[in-house]
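Residue strings, one per chain:
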Amino acid sequence: MIKIHFKIAWRILVRQKLFSVINILGLAIGMAACLLIFQYISFELSYDNFHKNGANIYRIKHQNHSQGNLIENLPKTYSAVGPALKAEFPEVKEITRVSKTEGMVTARQPNGSLIVFNESSLYQADASFLRMFSFPMLQGSAAALDNPNTIVITERTAKKYFPNQDAIGKTINIQEQISGTNITATVTGVCKDVPANSHLQFDFLISADVKAGDWVYPDSYTYILLSPQTNPKLFEAKLASFLKTKINEISKSNSYSNTQGKSNLTNISLTLQPLRDIHLYSNLSNEISAGGNANMVWYLGVIAVLILLIAYINYVNLSTAKVIERAKEVGIRKVLGSQRSQLISQFLFESALLNFISVALALFIVLLAMPWFSSLCGVQINFTLGKNVFFLLGFTGLLATGILLSAMYPALILSNYKPVQVLKGKFMHSGQSISLRKVLVVFQFAATIAFMVGTLVVYRQVNYMRNENKGMDMKQTLVVVAPQNVRATDADNRNYMVKDSVFQNEILRNTHVQSVTTSSSIPGQIIGYIMSYTSHAQTAGQKSMRLSTSEIGRKFIEQFKVEVVAGHNFSVDSWSKKNPAMMLNEAAVTSLGFKNPDDAIGKLVETKNARGKVFQNEVVGVIKNFHQTSLKDDFTPIIFRLSDPGSITHYELKVNSNEMPKTIAQIGETYKGIFPESAFQYFFLDEFFDQQYKAEQHFGQVFSLFSGFAIFVASLGLFGLTLITITQRIKEIGIRKVLGASITNILLLISKDFIGLIVIANVIALPLAYWGSYKWLENYKFRIHFNAWYFIIPMITVFLIAVLTVSYQSIKAALANPVKSLKTE
């Protein structure tokens with residue numbers, strides 16, 4: 001029986017070539033799109049799942065409140081929190097602290113030469129790091145960081161700094177970028193390269209020398225391992241009393257740093273963040289690495305399901321529309337003794353065969369497209385769904401459901417009719433069948449229109465963020481990374497001051513360099529230098545805030561064309577005054593409690609270092625807010641101070657050249673001539689700033705791609721449905737032509753039903769698309785305003801696609817000779 005079913009199914013598949021191709025291609029594209037999206041979702045959900053103890057690891061979140069308002073929401077906390085928690089609570093089995101830094105890394109080779117690079121993936125970590133997390137070691141053990149001045153590097157890094165050598169026992173020198181600290185460490189371990197699905201992305205793990213830590217600055221990413229029996233919610237509830245106890249202990253101390261800690265702790269709350277939630281559900285300041293976006297992931301999941309639904313809707317529509325062509329076949333088979341169950345099984349077998357061919361084609365498309373899709377998503381993704389038992393079970397169930405739904409309805413319709421009626425030609429479509437097809441077509445095009453609106457909104461938002469005025473001029477700005485390995489001592493700093501002056505003067509001799517300035521942080525970069533500032537602007541008392549601090553050259557404001565809204569720019573004597581000058585941006589003016597920019601001018605703002613030394617700074621100017629980071633975030637409150645040689649991390653050069661490679665080469669020669677021991681590294685500021693929008697750009701590209709797939713599959717179904725409709729009404733069209741109907745009349749006859757359905761689809765889709773787009777845009781502080789064209793363009797596009805699809809077959813039928821269709825009557 002199975003052999004007979006297969007033969008019949010194959011013959012029907014071959015006989016109806018066009019409809020077989022439409023069905024197989026539509027289903028294959030729908031399945032392939034669904035598999036690709038699910039693979040991406042699976043990758044995003046797999047972050048940090050490879051850690052053996054991952055389910056019990058939590059990161060401490062640090063929240064700072066002022067006057068009832070949340071002013072800081074950080075993934076870092078005080079370095080003393082971890083050790084104190086382990087000492088206080090037996091349920092805390094292990095803690096580890098991580099701090100991220102950047103700097104110049106140098107490794108001496110056997111021939112005496114040096115390999116030097118600026119590196120940004122440097123982690124300082126407690127010895128327990130490798131015991132808590134599951135990063136496989138290739139050489140060395142989890143105890144590799146137990147001793148001071150030791151370092152673990154990744155396999156890729158070992159090949160980079162010690163080519164064709166055994167890295168174990170070798171010495172690496174690191175000059176930290178911000179602090180200027182010089183670290184010399186011995187390689188005691190080599191681990192596998194960090195997986196792409198880890199929120200901790202490092203090339204170097206340096207043994208940290210912090211023991212008990214302090215309560216001064218929240219500068220440590222702190223992770224704790226709870227015992228499996230611990231309820232994290234109940235443990236989190238204990239943290240408030242834990243902090244209260246610490247305040248009492250600190251109040252008994254007379255040291256400044258502890259007094260400062262007491263002041264800070266009264267406004268602090270600590271919460272737990274599950275390790276596996278960090279990538280998708282963490283929207284905190286100063287994250288250790290760029291995270292994902294759970295909303296984007298679930299939006300793509302909805303798209304995957306809708307595309308698959310559209311593909312199956314096509315199949316069901318075409319199957320039900322073709323029912324009348326199978327009516328006589330079913331009638332004859334019933335006369336010859338076929339049972340209803342046999343007819344249903346035949347239809348199910350045909351559906352299964354077509355679905356299995358579609359699955360095979362879909363898998364071929366996925367494997368072929370995976371490298372390109374990985375590039376589109378911006379991450380290295382391999383097709384691993386085949387190893388996931390839950391996915392295989394779910395996909396098998398989905399496939400079986402698709403086969404049943406797409407086969408059972410037409411099978412039940414045909415098997416219910418009496419053979420006498422069918423063979424006499426009295427078989428007609430039921431009203432239910434026609435209504436179902438209309439509902440499915442409306443759903444198809446409603447989803448397609450919603451996709452198009454979403455694609456347009458995503459594209460416009462990304463374009464807006466890239467092209468909107470940032471509040472400063474970044475065009476033609478070449479950023480050169482300042483040397484860090486020449487400033488280990490005060491003498492080195494004095495020597496660097498001379499070299500810095502020489503370098504800037506030599507650079508300005510180049511006719512293609514218009515100006516040069518310096519800074520400790522650049523736009524597009526989260527400012528890591530945060531200090532506590534106290535103003536006396538309010539009559540009710542002082543106001544203290546921790547604010548980002550950027551040290552800039554005197555020409556920074558002028559070169560970047562940042563508007564000064566009150567006061568003036570830094571002057572030559574800004575450092576020599578009794579109270580060194582500082583500038584604020586408008587956001588910092590508000591944060592420090594000043595009424596307006598003019599109110600801040602001339603006021604003194606106090607800051608203290610960890611040793612308690614008080615500094616008074618005079619506010620000489622207020623600048624207009626500019627975007628230090630992505631337009632996704634609000635303006636960052638920033639304090640600006642004049643840079644000294646120890647704080648310079650970047651040179652910003654305004655260049656104007658038609659021969660950019662030649663100009664860059666000339667700048668590189670000047671740099672190497674003055675700083676021979678440092679690597680020349682550079683990039684363009686606007687390109688660096690736009691890297692913040694990579695996630696949105698990738699999301700927009702993926703969204704556009706699969707929206708295109710949805711449109712194509714829906715159009716494919718409409719084409720097939722139109723062809724069936726015309727075939728079934730070919731005699732009616734012939735009669736109308738004989739009676740004088742024009743091509744336009746025939747076109748309107750066939751088109752009017754489909755056009756009406758598309759109008760209904762628009763009425764349903766547009767409100768839903770508006771709601772979905774509005775919810776997505778809520779993630780962005782600076783966003784586009786809705787424009788009527790975002791909805792008009794998809795409406796017109798879908799209308800034109802539908803008209804062109806229907807018109808092709810309608811005009812072809814209208815031009816046909818009516819004699820051919822009526823000669824049997």
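Predicted, not measured: the structure shown is a model, and the values here were computed from it. (Residues numbered from 1 in each chain as written. Predicted model: local features only at pLDDT ≥ 70, side-chain atom pairs only at ≥ 80, totals over all residues. Heavy atoms only, no water.)

Peer 1: Describe the overall build of the protein chain, with residues and values.
Peer 2: Counting its secondary structure elements, the protein chain contains 26 helices and 23 strands. Taking contacts inside the protein chain between residues at least 6 apart in sequence as the whole, the part at least 24 apart equals 80%. Accessible area of the protein chain: about 37,800 Å², with a carbon and sulfur share of 58%. (Helix = DSSP H or I, 4+ residues; strand = E, 2+ residues; numbered from the N terminus. Contact = heavy atoms within 4.5 Å. Areas by Shrake-Rupley, 256 points an atom, 1.4 Å probe, with all protein chains shown as cover.)

Peer 1: Any chance you could break down a nonpolar patch on the surface for me, citing the residues and the numbers?
Peer 2: Side chains of Trp-789, Ile-793, Met-795, Ile-796, Phe-799, Leu-800 and Leu-804 sit close together on the surface and give an oily, nonpolar patch of about 680 Å² of accessible area. Within the element layout of this structure, Phe-799 appears in helix α25 (residues 789-815). Residue classification places Phe-799 among the partly exposed residues on the basis of a relative accessible area of 37%. (Patch = residues over 30% accessible without salt bridge, like charges linked within 9 Å, V, L, I, M, F, W, Y side chains within 5 Å. Salt bridge = Lys/Arg side-chain N within 4 Å of Asp/Glu carboxyl O. Buried < 20%, exposed > 50% of the residue type's maximum accessible area, 1.4 Å probe, protein only.)

Peer 1: Can you break down the packing of helix α23 (residues 730-738) against helix α24 (residues 743-777) residue by residue, with the values?
Peer 2: Axis angle and axis distance: for two packed helices, these are the angle between their axes and the distance between the axes, and together they describe the pair. For the pair α23 and α24, the least separation of the axes is 10 Å and the interaxial angle reads 150 degrees. Taken as axis vectors, α23 and α24 run roughly antiparallel relative to one another. In this structure, the crossing between α23 and α24 has a hand that is right-handed. Only Ile-746, Leu-749 and Ile-750 of α24 make contact with α23, whose side of the interface consists of Glu-732, Ile-733, Arg-736 and Lys-737. For the contact of α23 with α24, a count of residues per class yields four nonpolar, no polar and three charged. (Axes fitted to C-alpha atoms, helices over the stretch in contact; angles between N-to-C directions. Parallel < 35°, antiparallel > 145°, perpendicular 65-115°, else oblique. Left-handed = near helix turned anticlockwise from the far one by under 90°. Nonpolar A, V, L, I, M, F, W, Y, C, P; charged D, E, K, R; others polar.)

Peer 1: Lay out the nonpolar core in plain terms, naming residues and giving numbers.
Peer 2: Ile-303, Phe-373, Phe-445, Phe-570, Phe-640, Phe-706 and Trp-776 are the most contacted members of the largest nonpolar core, which totals 123 residues. Residue contacts for Phe-570: discarding those within four places in its chain leaves Ile-552, Arg-554, Ala-581, Met-582, Met-583, Val-620, Phe-640, Arg-641 and Leu-642. Of all hydrophobic cores here, the second largest spans 23 residues; its members include Tyr-123, Phe-129, Cys-191 and Val-194. (Core = buried A, V, L, I, M, F, W, Y, C linked by side-chain atoms within 4.5 Å.)

Peer 1: Describe the pairing of strand β7 (residues 150-154), listing the residues and the values that go with them.
Peer 2: Consecutive side chains along a regular strand alternate between the two faces of the sheet. Buried residues dominate β7, accounting for five of its five residues. With burial as the criterion, each face of β7 is covered, one bearing Thr-150, Val-152 and Thr-154 and the other bearing Ile-151 and Ile-153. Alignment of β7 against strand β9 (residues 182-191), held across five bridges, turns out to be parallel. Bridge assignment links Ile-151 to a residue of β9, and that residue is Val-187. Here three bridges tie β7 to strand β10 (residues 204-207), and the two strands are oriented antiparallel to one another. (Pairing = 2+ DSSP bridges.)

Peer 1: Requested: an account of the packing of α24 against α25, with residues and values cited.
Peer 2: Two elements in contact, α24 and α25, have axes separated by 9 Å at closest approach and are oriented at 160 degrees. The angle between α24 and α25 falls in the class roughly antiparallel. The crossing of α24 and α25 is right-handed. Residue-level inspection shows Ile-743, Ile-746, Leu-747, Ile-750, Ser-751, Phe-754, Ile-755, Ile-758, Asn-762, Leu-766 and Tyr-770 of α24 in contact with α25, the latter providing Phe-791, Met-795, Val-798, Phe-799, Ala-802, Val-803, Val-806, Ser-807, Ser-810, Ile-811, Ala-814 and Leu-815. Looking at the contact of α24 with α25 residue by residue, the class counts come to 19 nonpolar, four polar and no charged.

Peer 1: With reference to specific residues and values, describe empty space enclosed by the protein.
Peer 2: This structure, assessed with the given rule, holds two cavities of 30 Å³ or more. Considered as a void within the structure, the second largest cavity measures approximately 30 Å³ in volume. Along its surface, the second largest cavity is lined by Met-31, Leu-308, Tyr-312, Phe-395, Leu-398 and Leu-399. Of all the secondary-structure elements, those providing two or more residues to the lining of the second largest cavity are α10 (294-321) and α13 (389-416). (1 Å grid on protein atoms, 1.4 Å probe; cavity = no way out; pocket = protein on both sides within 12 Å on 5 of 7 lines; lining within 4 Å. Points joined across faces, edges and corners; volume = space filled by probe spheres on them.)

Peer 1: Residue-level account of the pairing of strand β18 (residues 581-585), with values.
Peer 2: The element β18 is extensively covered by neighbouring structure, given that five of its five residues are classed as buried. Side-chain alternation along β18 places Ala-581, Met-583 and Asn-585 on one buried face and Met-582 and Leu-584 on a second face that is also buried. Direction of pairing for β18 relative to strand β20 (residues 614-623): parallel, over a ladder of five bridges. Looking across to β20, one finds that Met-583 is bridged to Gly-621. Of the strand pairs in this sheet, β18 and strand β21 (residues 638-642) are connected by three bridges, and their pairing is antiparallel. Pairing of Leu-584 across the sheet is with Ile-639, part of β21.

Peer 1: If you had to explain α25 to someone new, which residues and values would you point to?
Peer 2: For an α-helix, the turn length of 3.6 residues means that residues three or four places apart are oriented alike. Over its 27 residues, α25 runs 37 Å from end to end, which matches the ideal 39 Å to within 8%, given 1.5 Å per residue. Of all the bends in α25, the largest measures some 30 degrees and sits at Ser-807. Those residues of α25 lying buried are Tyr-790, Phe-791, Pro-794, Val-798, Ala-802, Thr-805, Val-806, Ser-807, Gln-809, Ser-810, Ala-813 and Ala-814. (Expected span 1.5 Å × (residues − 1). Bend = angle between axes of the 7 residues up to and from the residue.)

Peer 1: Describe in detail helix α3 (residues 81-88), supporting the description with residues and values.
Peer 2: Within the sequence span of α3, burial applies to Val-81, Gly-82, Ala-84 and Leu-85. With its buried residues spanning 165 degrees around the axis, α3 presents them on a single face. (Arc of directions from axis to C-beta.)

Peer 1: Now, about the pattern of salt bridges: what can you tell me, with residues and values included?
Peer 2: Taken as a whole, this structure holds 17 salt bridges when the rule is applied. Close ionic contact of Lys-86 with Glu-94 constitutes a salt bridge, the shortest N to O distance being 3.1 Å. When the shortest N-O distance is used, the salt bridge between Glu-659 and Lys-662 registers 4.0 Å. Judged by relative accessible area, which is 45%, Glu-659 ranks as partly exposed.

Peer 1: Tell me what's going on with the packing of aromatic side chains, and back it up with residues and numbers.
Peer 2: In this structure the tally under the stated criterion is 36 aromatic pairs. Ring plane angle 45 degrees and centroid distance 4.6 Å describe the contact between Phe-556 and Phe-560, whose orientation is recorded as tilted. Like Phe-556, the residue Phe-560 is buried in the burial classification. Counting every residue linked through ring pairs, the aromatic cluster contains Phe-50, Tyr-123, Phe-129, Phe-133, Phe-135, Phe-202 and Tyr-223. One cation-aromatic arrangement involves Lys-160 over Phe-117; the distance from NZ or CZ to the ring centre is 4.4 Å. Directly above the ring of Tyr-780 sits Lys-632, whose terminal nitrogen or CZ lies 5.7 Å from the centroid. (Phe/Tyr/Trp six-rings, centres within 6.5 Å; stacked < 30°, edge-to-face > 60°. Lys NZ or Arg CZ within 6 Å of the ring centre and 35° of its normal.)

Peer 1: Go over the confidence of the model for the protein chain, please, and point to the residues and values.
Peer 2: Per-residue pLDDT for the protein chain averages 83, and the proportion of residues at 70 or more is 86%. This stretch, residues 254-263, has a pLDDT under 50; its non-local contacts, to residues over four places away or in other chains, come to 18 contacts. (pLDDT = per-residue confidence, 0-100.)

Peer 1: A description of the environment of Ala-695 should follow, citing residues and the corresponding values.
Peer 2: Position of Ala-695 relative to the elements: it lies in helix α22 (residues 694-728). Its relative accessible area of 42% is what places Ala-695 among the partly exposed residues. Sequence separation of Ala-695 and Ala-290 is 405 residues, and the distance between their C-alpha atoms is 9.3 Å.

Peer 1: Summarise the environment of Phe-117; cite the residues concerned and give the values.
Peer 2: Tracing the backbone through its elements, the reader meets Phe-117 in strand β5 (residues 114-125). Through-space distance from the C-alpha of Phe-117 to that of Ile-174 is 9.9 Å; in sequence the pair is 57 residues apart. The residues touching Phe-117, leaving out its near neighbours within four places in the chain, are Gly-103, Met-104, Val-105, Lys-160 and Tyr-161.

Peer 1: Tell me about the environment of Glu-506, and please be specific about residues and values.
Peer 2: Relative to the assigned elements, Glu-506 resides in helix α16 (residues 490-508). When its relative accessible area of 34% is taken as the criterion, Glu-506 is described as partly exposed. The sequence separation of Glu-506 and Thr-670 amounts to 164 residues, and the corresponding C-alpha distance is 7.2 Å. Excluding anything up to four places from it in sequence, Glu-506 contacts Thr-670 and Ile-674.

Peer 1: Go over the side chain of Ser-520 with me, naming the residues and quoting the values.
Peer 2: Within the secondary structure, Ser-520 is located in the loop between β14 (513-519) and β15 (530-538). Under the relative-accessibility criterion, Ser-520 is labelled buried at 13%.

Peer 1: Summarise the side chain of Ser-773; cite the residues concerned and give the values.
Peer 2: Among the structural elements, Ser-773 can be located in helix α24. Judged by relative accessible area, which is 7%, Ser-773 ranks as buried. The residues contacting Ser-773, other than those within four sequence positions of it, are Val-453, Gly-454, Val-457 and Phe-786.

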